[in-house]
Amino acid sequence: MNLTSPTGDARGAYFEQLYQDDADPWRVRQRWYEARKRALLLACLPQQRYRNAYEPGCGNGELTLELAHRCERLLAADFSAEALQLARQRLADARQEDNVTLERHRLPQDWPRTTRGVEKFDLIVISEIAYYLSADELAQVVEHSVAGLAPGGNIVLCHWRAPFAQRILSTVRVHDAFQHAPGLHCLVRHEEADFLLGVWSNDERSVAQKEGFA
């Protein structure tokens, strides 16, 4: 499978078939590893509540459901129509559909444009998807993320570190692209043998500093 196709057709076909064959291909609903990773990601969010969040690559909606509890509005997107249907059902089963919008996006070209009069995102969560992008595509995603981030907002990345057949970029390279992005400050860096988790903001203050006791 050539995932570096300029049109992205091979990439789209891969994910569509993946979710058609298995509603939970990475066992995100079954493995303690996945549940623990979600809990760590949620615990690392510097803000208790967010107004307007974006989660590209939402998959079957397991993290989406957890994020929805922390956000007033959440735009969740995926490349796969099948994955979006699974996410829609997951949210419906939990009665958590009201504040979540699901859309089909291909990155970077479908990244939501935050033009004048459109509210920027105060939370962007990029989890387990950026290593499927080419270097040029990643650079555009970084640019869109920085431009679309509201003042004081957070960008969260979480990615598996081990090699696998469909990977295009290393996890270290993906996270380094955000680490070196102009205007971003790293607030959290959590490193394990299996994955990297990072949080960036355009406001360098810590949680304690924002609350006025540090």
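The structure contained in this document is the topic of the report that follows.

We now examine the state of the cysteines. Within this structure, the stated rule accounts for zero disulfides. Free of any disulfide, Cys 158 has its nearest neighbouring cysteine sulfur in Cys 44, separated by 8.9 Å. Its relative accessible area of 1% is what places Cys 158 among the buried residues. For Cys 186, which is in no disulfide, the shortest distance to another cysteine sulfur is to Cys 44 and amounts to 10 Å. Taking the relative accessible area as the measure of exposure, Cys 186 reaches 33% and is therefore partly exposed.

Our focus in this paragraph is the pattern of salt bridges. Pairs can form between side chains of opposite charge whenever their charged atoms are close. In the structure shown here, the tally under the stated rule is 14 salt bridges. We note a salt bridge from Arg 51 to Glu 119, for which the minimum N-O separation is 3.1 Å. Pair noted here: Arg 51 is in strand β1 (residues 50-56) and Glu 119 is in the loop between β3 (100-104) and β4 (121-127), with a separation of 68 residues, a long-range link. Residue classification places Arg 51 among the partly exposed residues on the basis of a relative accessible area of 39%. Residue classification places Glu 119 among the partly exposed positions, given a relative accessible area of 35%. Arg 90 is paired through a salt bridge with Glu 62; the nearest N and O atoms lie 2.9 Å apart. Linking Arg 90 in helix α4 (residues 81-93) with Glu 62 in helix α3 (residues 62-68), this pair joins segments that are 28 residues apart in sequence.

Once that is clear, we can look at the sheet that holds strand β2 (residues 71-78). Strand order in the open sheet made by the seven strands is β3-β2-β1-β4-β5-β7-β6, with mixed pairing throughout. Strands at the two margins of the open sheet, each flanked by one partner only, are β3 and β6 (185-191). Going from strand to strand, the sheet's axes swing by 15° on average, the running direction of each strand aside. When β2 meets β3, the two strands line up parallel, connected through five bridges. For Ala 77, the partnering residue across the bridge sits in β3 and is Glu 103.

Attention now moves to the side chain of Glu 16. Considering the arrangement of structural elements, one finds Glu 16 in helix α1 (residues 9-21). Take Glu 16: its relative accessible area is 16%, and that puts it in the buried class. Leave out the neighbours within four places in its chain, and Glu 16 touches Phe 79, Ser 80, Ala 81, Glu 82 and Arg 104.

With that settled, the discussion passes to the nonpolar core. Within the largest apolar cluster, 29 residues are counted, with the highest numbers of intra-cluster contacts made by Ile 126 and Phe 178. Broken down by secondary-structure element, the contributors of at least two residues to this core are α1, β2, β4, α5 (135-147), β5 (149-160) and α6 (171-179). Ignoring sequence-local partners within four residues, the contact set of Phe 178 consists of Ile 126, Leu 138, Val 141, Val 142, Ser 145, Ile 155, Leu 157, Leu 184 and Trp 200. Of all hydrophobic cores here, the second largest spans 26 residues; its members include Tyr 50, Leu 63, Leu 74 and Val 125.

Turning next to the pairing of β1. Counting buried positions along β1 yields six of seven residues, so the element is predominantly enclosed. Here β1 pairs with β2 via six bridges, running parallel. When the sheet's bridge partners are listed, Tyr 54 is paired in β2 with Leu 75. Crossover connection from β1 via α3 to parallel β2: handedness right-handed. As paired strands, β1 and β4 are joined by two bridges and run parallel to one another. Looking at the pairing, Tyr 54 lines up with Ile 124 of β4.

Parameters and conventions
- Residues numbered from 1 in each chain as written.
- Predicted model: local features only at pLDDT ≥ 70, side-chain atom pairs only at ≥ 80, totals over all residues.
- Heavy atoms only, no water.
- Disulfide = S-S within 2.5 Å.
- Buried < 20%, exposed > 50% of the residue type's maximum accessible area, 1.4 Å probe, protein only.
- Salt bridge = Lys/Arg side-chain N within 4 Å of Asp/Glu carboxyl O.
- Helix = DSSP H or I, 4+ residues; strand = E, 2+ residues; numbered from the N terminus.
- Pairing = 2+ DSSP bridges.
- Axes fitted to C-alpha atoms, helices over the stretch in contact; angles between N-to-C directions.
- Contact = heavy atoms within 4.5 Å.
- Core = buried A, V, L, I, M, F, W, Y, C linked by side-chain atoms within 4.5 Å.
- Right-handed = clockwise from strand over helix to strand, strands pointing away.

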